[in-house]
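Observations on the model geometry
Okay, here's what each chain looks like letter by letter:
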Amino acid sequence: MSKLEEILEKARKEPGLLLFLTGAGISAESGIPTFRGKDGFWTAGSKVYRPEELATFSTFRSRPGDVWEWYLLRRETCLRVEPNAAHHALVKIEEKWGDRFRLITQNVDGLHLRAGNSLERTWQIHGDINLMRCAAECTDAVQPVGDGKNLRCDRCGDWMRPHVLWFDEYYNEEWYRFESSLAAASGAALLVVVGTSGATNLPIQVGMRAAERGAYLVDVNPEPNPFSEWAESSPRGKAVTGKASERLPRIAELLLKD
Ligand code: OAD
């Protein structure tokens with residue numbers, strides 16, 4: 001039995017959540033550029049930026065039109081592409097395991113939900129590019145972007161803003177499921193991390209907490225990253241080097257066994 005098979009076999013039999021944490025790499029093969037890959041730059045007008053420069057509330061306040069232009073274009077890309085075999089594998093795992101399954105995703109592209117994972121068990125900790133809310137927070141309500149033509153709040157007339165977490169903002173429970181994610185990490189029998197470089201705070205905390213509490217840890221990524229290093233340094237971990245769409249179907253197959 002391979003180490004991966006052994007880990008998944010044991011995790012299935014222990015109590016606790018089967019927790020998945022995904023990043024931009026899982027959507028790369030659907031055609032959405034990752035943040036830190038070579039195509040991860042943003043353009044506004046004729047200038048080219050790193051995401052960290054444009055994806056802030058302060059930039060939005062000074063240049064709402066430029067920021068919206070980029071998000072509406074990115075949203076079109078997200079709507080045009082299709083979920084891939086890795087997204088579909090996660091749907092099969094949820095179908096099999098029901099409430100033992102949780103999915104924490106950093107992706108705002110909506111592909112997990114379009115593939116068929118449930119909103120109830122899919123926590124979009126960086127928001128959803130298909131949603132927007134009042135930038136002045138006259139209400140907490142979140143609504144669909146629709147055709148992107150009406151970007152003003154019906155109640156107070158301020159700008160609406162994309163419902164995404166920006167670099168100068170903080171996680172919370174209501175919109176980004178901060179506490180739920182940490183609680184899930186504490187209660188995980190298995191954490192499978194897919195396609196993330198581990199550059200943001202909550203995913204790192206989730207990984208550390210799950211590892212501290214003794215969860216089995218699997219990382220799927222063609223490149224080394226903090227999660228693959230932890231996985232390889234632990235007897236309860238395994239770094240699976242490769243693309244998500246090639247590796248997750250096998251992981252699903254092993255988790256679907258009776
Ligand atoms: P990154 O762009 O930082 O990392 C993408 C990861 O996916 C890298 O580790 C790649 O090696 C890996 N990867 C690439 N192709 C892959 C494939 N086919 N299969 C599996 N893995 C692959 O993206 P994230 O880690 O998601 O936050 O970035 C995290 C957050 O940083 C984003 O959600 C965003 C960004 O700033 C906010 O906007 C708040």
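For the structure, see preceding data.
In this report, the structure presented in the accompanying data block is examined. Being a predicted model, the structure only gives us computed values, none of them experimental.

What follows covers the overall build of the protein. Looking only at helices and strands, the protein has 12 helices and 11 strands in total. Since a compact globule built from 258 residues should have a radius of gyration of about 18 Å, the 19 Å found for the protein is in line with a globular shape. Expressed along its principal axes, the backbone C-alpha trace of the protein runs to roughly 60 × 35 × 30 Å. Counting only contacts in the protein whose residues sit at least 6 apart along the sequence, the fraction spanning at least 24 positions is 66%. Positive and negative side-chain charges of the protein, numbering 33 and 36 respectively, have mean locations separated by a distance of 2 Å.

Right, let's talk about the site of the ligand for a bit. Ala24, Arg36, Thr196, Ser197 and Asn221 are the nearest of the 21 residues found near the ligand. The separation between a nitrogen atom of the ligand and a polar main-chain atom of Gly25 is 3.5 Å. One of the backbone N or O atoms of Gln106 is found 3.3 Å from an oxygen atom in the ligand. Notes on the ligand: free accessible area 790 Å², of which the protein chains cover 90%. For the shell around the ligand, the class distribution of residues is 7 nonpolar, 10 polar and 4 charged.

It is worth spelling out the packing of aromatic side chains at this point. Summed over all chains, the structure comprises 9 aromatic pairs. Clustering of aromatic rings is evident, with ring pairs tying together Phe57, Phe60, Trp70, Tyr71 and Trp166. Sitting over the ring of Trp97, Arg100 keeps its end group 5.0 Å from the ring centre. Stacked on the ring of Trp166, the Lys or Arg Arg161 has its end atom at 4.1 Å from the ring centre.

The next point concerns helix 10 (residues 201-212). Taking 1.5 Å of rise per residue, the 12 residues of helix 10 would be expected to cover 16 Å, and the 16 Å separating its terminal C-alpha atoms lies within 8% of that figure. Listed in full, the buried residues belonging to helix 10 are Leu202, Pro203, Ile204, Val206, Gly207 and Ala210. Gly214 sits one or two positions beyond helix 10 and adopts a positive phi of about 90 degrees.

We now examine the nonpolar core. Residues Phe20, Leu190 and Val218 are the most contacted members of the largest nonpolar core, which totals 27 residues. Contributing elements (two or more residues each) for this core: helix 1 (3-13), strand 1 (17-22), helix 6 (85-97), strand 4 (101-105), strand 9 (188-194), strand 10 (216-221) and helix 12 (244-256). The leading source of residues in this core is helix 12, at 6 residues. Once residues within four sequence positions are removed from consideration, Phe20 is found in contact with Leu90, Ile93, Phe101, Arg102, Leu103, Ile104, Val192 and Leu255. Counting 25 residues, the second largest nonpolar core, distinct from the first, contains Ile104, Trp123, Ala184 and Ile204.

Opposite charge on two side chains permits pairing when their charged atoms draw close. Counted by the stated rule, this structure contains 15 salt bridges. Salt-bridge contacts for Glu5 lead to Arg250; the nearest nitrogen and oxygen are separated by 2.8 Å. Here Glu5 is found in helix 1, whereas its partner Arg250 is found in helix 12, with 245 residues between them in sequence. A residue is classified by how much of its surface remains accessible, and Arg250, at 34% relative accessible area, is partly exposed. Salt-bridge contacts for Glu173 lead to Arg177; the nearest nitrogen and oxygen are separated by 3.3 Å. The class for Glu173 is partly exposed, based on a relative accessible area of 27%. With a relative accessible area of 29%, Arg177 lands in the partly exposed category.

Further remarks concern the sheet that holds strand 6 (residues 127-134). Reading across from one edge, 7-6-8 is the order of the 3 strands in this open sheet, with antiparallel pairing throughout. Since the sheet does not close on itself, it has two edges, and those belong to strand 7 (142-144) and strand 8 (160-164), each with one partner. Averaged over all adjacent pairs, the angle separating strand axes in this sheet is 50 degrees, with direction ignored. Bridging between strand 6 and strand 8 involves 5 bridges; their strand directions are antiparallel. In the strand pairing of strand 8, Asp128 is matched with His163. Strands strand 6 and strand 8 of the sheet are contacted by helix 5 (residues 64-80), whose axis makes an angle of about 140 degrees with strand 6.

Reading guide: rules and limits
Residues numbered from 1 in each chain as written. Predicted model: local features only at pLDDT ≥ 70, side-chain atom pairs only at ≥ 80, totals over all residues. Heavy atoms only, no water. Helix = DSSP H or I, 4+ residues; strand = E, 2+ residues; numbered from the N terminus. Rg over C-alpha atoms; globule rule 2.2 N^0.38 Å. Contact = heavy atoms within 4.5 Å. Lys, Arg positive; Asp, Glu negative; His and termini not counted. Charge placed at Lys NZ, Arg CZ, Asp CG, Glu CD. Near = heavy atom within 4 Å. Polar contact = N/O pair within 3.5 Å; in protein donor to acceptor, adjacent residues only side chain to side chain. Areas by Shrake-Rupley, 256 points an atom, 1.4 Å probe, with all protein chains shown as cover. Nonpolar A, V, L, I, M, F, W, Y, C, P; charged D, E, K, R; others polar. Phe/Tyr/Trp six-rings, centres within 6.5 Å; stacked < 30°, edge-to-face > 60°. Lys NZ or Arg CZ within 6 Å of the ring centre and 35° of its normal. Expected span 1.5 Å × (residues − 1). Buried < 20%, exposed > 50% of the residue type's maximum accessible area, 1.4 Å probe, protein only. Core = buried A, V, L, I, M, F, W, Y, C linked by side-chain atoms within 4.5 Å. Salt bridge = Lys/Arg side-chain N within 4 Å of Asp/Glu carboxyl O. Pairing = 2+ DSSP bridges. Axes fitted to C-alpha atoms, helices over the stretch in contact; angles between N-to-C directions.

Remember that the coordinates give geometry; whether it matters functionally is a separate question.
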